[in-house]
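Architecture at a glance
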Amino acid sequence: MIIIISMKNYYMDNAATTPLSKEALEAMMPYLTEEFGNASTIYMPGQRAKSAVENSRRTIAATINARPSEIYFTSGGSESDNWALVGAYEQARSALREKGLPGHIITDKIEHHAVLNTCGYLESRGVDVTYLDVDSQGNVNPGDVMAAIREDTILVSIMTANNEVGTIEPVKEIGEGLRKHQEKTGQRILFHTDAVQAYGHIALDVSGLNVDLMSSSAHKLNGPKGTGFLYMRRDITLPGFIHGGAQERGRRAGTENVPAIVGFARAAEIACGNIGTRMIRETEVRDHLINRLLNEIPGTVLNGSRESRLPNNINVCFPGTDGETLLLLLNEHSIYASAGSACASGSLEPSHVLMAMGLSKDEARASLRLTISHDTSMEDADCVADTLKQILSRLRNI
Ligand SMILES: *Cc1c(COP(=O)(O)O)cnc(C)c1O
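All figures in this text were calculated on a predicted structure; none of them were measured in a lab.

Moving on, we get to the overall build of the protein chain. Regarding its fold elements, the protein chain presents 14 helices and 12 strands. Expected size for 398 residues packed as a compact globule is a radius of gyration near 21 Å; at 22 Å, the protein chain falls within 12% of this value. Judged by the C-alpha coordinates and their principal axes, the protein chain covers about 65 × 55 × 35 Å. Taken over 398 residues, the protein chain has a buried fraction of 54%. Pairs at least 24 residues apart make up 73% of the contacts formed inside the protein chain by residues separated by at least 6 positions. Of the roughly 17200 Å² of accessible surface on the protein chain, 53% is carried by carbon and sulfur atoms. Within the protein chain, one finds 38 positive and 48 negative side-chain charges whose respective centroids are separated by 4 Å.

One open sheet accounts for 7 strands, arranged S2-S8-S7-S6-S5-S3-S4; its pairing is mixed. Each edge of the open sheet carries a strand with a single partner, namely strand S2 (71-74) and strand S4 (128-132). For this sheet the average axis-to-axis angle between neighbouring strands, irrespective of direction, equals 20 degrees. In the sheet, strand S5 (residues 153-157) pairs with strand S6 (residues 190-194) via 3 bridges, with the strands oriented parallel. By the bridge assignment, Leu155 is partnered in S6 with Leu190. Helix H4 (residues 113-124) rests against strand S3 (104-108), S4, S5 and S6 of the sheet, and its axis sits at about 150 degrees to S4.

Take the side chain of Ser338 next. Among the structural elements, Ser338 can be located in the loop between strand S11 (335-336) and helix H12 (352-356). Beyond its immediate chain neighbours, meaning those up to four positions away, Ser338 contacts Asp13, Leu327, Leu368 and Arg369.

We now examine the domain arrangement of the protein chain. Domains assigned within the protein chain are domain 1 (10-17 + 275-397) and domain 2 (24-273). Taking the mean C-alpha position of each, domain 1 and domain 2 sit 28 Å from one another. Roughly 2600 Å² of surface becomes buried between domain 1 and domain 2 when both sides are summed, with 53% attributable to carbon and sulfur atoms. Interface area lost by domain 1 to domain 2 is led by Ile275, Leu310 and His352, which between them contribute 26%. The interface formed by domain 1 and domain 2 includes 11 residue pairs in polar contact (both at pLDDT 80 or more). For the side of domain 1 that touches domain 2, the elements supplying multiple residues, two or more each, are helix H10 (275-296), strand S10 (313-317) and H12. Grouping the constituent residues of the side of domain 1 that touches domain 2 by class yields 11 nonpolar, 13 polar and 4 charged.

Another point: the packing of helix H2 (residues 44-63) against helix H9 (residues 258-273). In the contact formed by H2 and H9, the axes pass within 9 Å of each other and the chain directions differ by 30 degrees. Comparing their axes, H9 and H2 come out roughly parallel. The two elements H2 and H9 cross, and the hand of that crossing is left-handed. Judged by residue contacts, Ala49, Ala52, Val53, Ser56, Thr59, Ile60 and Thr63 of H2 engage Val258, Ile261, Val262, Phe264, Ala265, Ala268, Glu269 and Cys272 from H9. Classifying every residue of the contact of H2 with H9 by side-chain character gives 11 nonpolar, 3 polar and 1 charged.

Our next topic: the nonpolar core. Of all hydrophobic cores here, the largest spans 57 residues; its most connected members are Ile64 and Tyr199. No other element matches the 9 residues that H9 contributes to this core. With sequence-adjacent residues up to four places away left out, Tyr199 is seen in contact with Ile60, Thr63, Ile64, Leu204, Ser216, Leu221, Phe229, Phe264, Ala268 and Cys272. Counting 27 residues, the second-largest nonpolar core is a separate cluster that includes Leu302, Val316, Leu327 and Ala385.

Here helix H14 (residues 378-397) is 20 residues long and its end C-alpha atoms lie 28 Å apart, about the 28 Å a rise of 1.5 Å per residue gives. Packed against the buried residues of H14 are strand S1 (10-11), H10, helix H11 (323-332), S11 and strand S12 (367-371).

For the rest of this paragraph, the subject is the packing of aromatic side chains. All told, the structure shown has 4 aromatic pairs when counted by the stated rule. Judged by centre distance (5.9 Å) and plane angle (25 degrees), the rings of Phe229 and Phe264 are stacked. Of the two residues, Phe229 is situated in strand S8 (residues 228-232) and Phe264 in helix H9; the sequence distance between them amounts to 35 residues. Take Phe229 and Phe264: they sit in the same class, and that class is buried. Among the aromatic side chains, those forming a connected cluster through ring pairs are Tyr199, Phe229 and Phe264. One cation-aromatic arrangement involves Arg249 over Tyr72; the distance from NZ or CZ to the ring centre is 4.3 Å.

Calculation notes
- Residues numbered from 1 in each chain as written.
- Predicted model: local features only at pLDDT ≥ 70, side-chain atom pairs only at ≥ 80, totals over all residues.
- Heavy atoms only, no water.
- Helix = DSSP H or I, 4+ residues; strand = E, 2+ residues; numbered from the N terminus.
- Rg over C-alpha atoms; globule rule 2.2 N^0.38 Å.
- Buried < 20%, exposed > 50% of the residue type's maximum accessible area, 1.4 Å probe, protein only.
- Contact = heavy atoms within 4.5 Å.
- Areas by Shrake-Rupley, 256 points an atom, 1.4 Å probe, with all protein chains shown as cover.
- Lys, Arg positive; Asp, Glu negative; His and termini not counted.
- Charge placed at Lys NZ, Arg CZ, Asp CG, Glu CD.
- Pairing = 2+ DSSP bridges.
- Axes fitted to C-alpha atoms, helices over the stretch in contact; angles between N-to-C directions.
- Domains from an automatic or database assignment.
- Buried area = accessible area lost by both parts, 1.4 Å probe.
- Polar contact = N/O pair within 3.5 Å; in protein donor to acceptor, adjacent residues only side chain to side chain.
- Nonpolar A, V, L, I, M, F, W, Y, C, P; charged D, E, K, R; others polar.
- Parallel < 35°, antiparallel > 145°, perpendicular 65-115°, else oblique.
- Left-handed = near helix turned anticlockwise from the far one by under 90°.
- Core = buried A, V, L, I, M, F, W, Y, C linked by side-chain atoms within 4.5 Å.
- Expected span 1.5 Å × (residues − 1).
- Phe/Tyr/Trp six-rings, centres within 6.5 Å; stacked < 30°, edge-to-face > 60°.
- Lys NZ or Arg CZ within 6 Å of the ring centre and 35° of its normal.

Here you go:
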């Protein structure tokens, strides 16, 4: 007889992706089955699909205090980032050419690769990019942003919160600085923020933040993979990035992914609807786990800020160990975590984020990221802490 013992899984990699919630799936089901109409058609099923998309747009706009017409659905965070950066450049290009200037973008060294590699692409097209340093906790200094401004600066792109260490950036202050700069000099510099890790996890209000462009992705807040939005303030019109049909008011072609958009809106409604309680709960579990690791495993160092940190992020360095080995050992206990970002794992390169924060290569490689969810309990956190304690004392005794 075969006995199958089902072991509990500890999914501690919610910054990489999250499971689709039951509610989001339920909202999607009709549009995956009988309600398959193309939202661009004029007969009834098409119009029902269209109204599902427009209701979703209203729901999502309300979560960030935007207007529905400022929300453009995309295929996710990467596309939104690409569109914001490339679009900002293309919009400014002819004016720059007339003045004989290359164009300049200000970003920082700890952005997601969707921003960094798009900047690299724009550099290959002749644009200058300033990659600002961050401090040892991963904070961008708003003064550095202002000091880097040039006559041909067209865009600042600073993430709302970092995906590896959870540091929440001073987006509001940077937005204010750029607005004052415009009042003083007349120079309008667009401000984009990659809010993929922050949206649905901390409260966001686009008018309070003074941002022009904001990226988000559904699968980081219990929505489906492959959908997201770009918020674009009403007074700016970036050229389209995906060319084709007239969807999304002619700015983003492609038949709408109706089920995904509906699932995204449902997930966003839930995540943003109880954000206060969610933040308090996650922060408690986060701090409990951080405290246990710092207090009970000798030498442990917290990466990132203690205060200005996403409620779901724990990132620690266990000096003298190797993150990849830890991941494999944790995997044997059905604990799923990350060393650096998911996109960089499988490569031996140490995290660009931790390196920018001043860690050595060895310290960066000895770091582990645990990202919890609204359903991670104190008992789950205790089990992870106990297991890590065991693994580390074994590793260090060899
Ligand atoms: C996950 C992530 C992205 C990419 O989003 P996708 O929807 O997976 O393309 C971009 N930026 C940050 C900060 C992320 O965490």
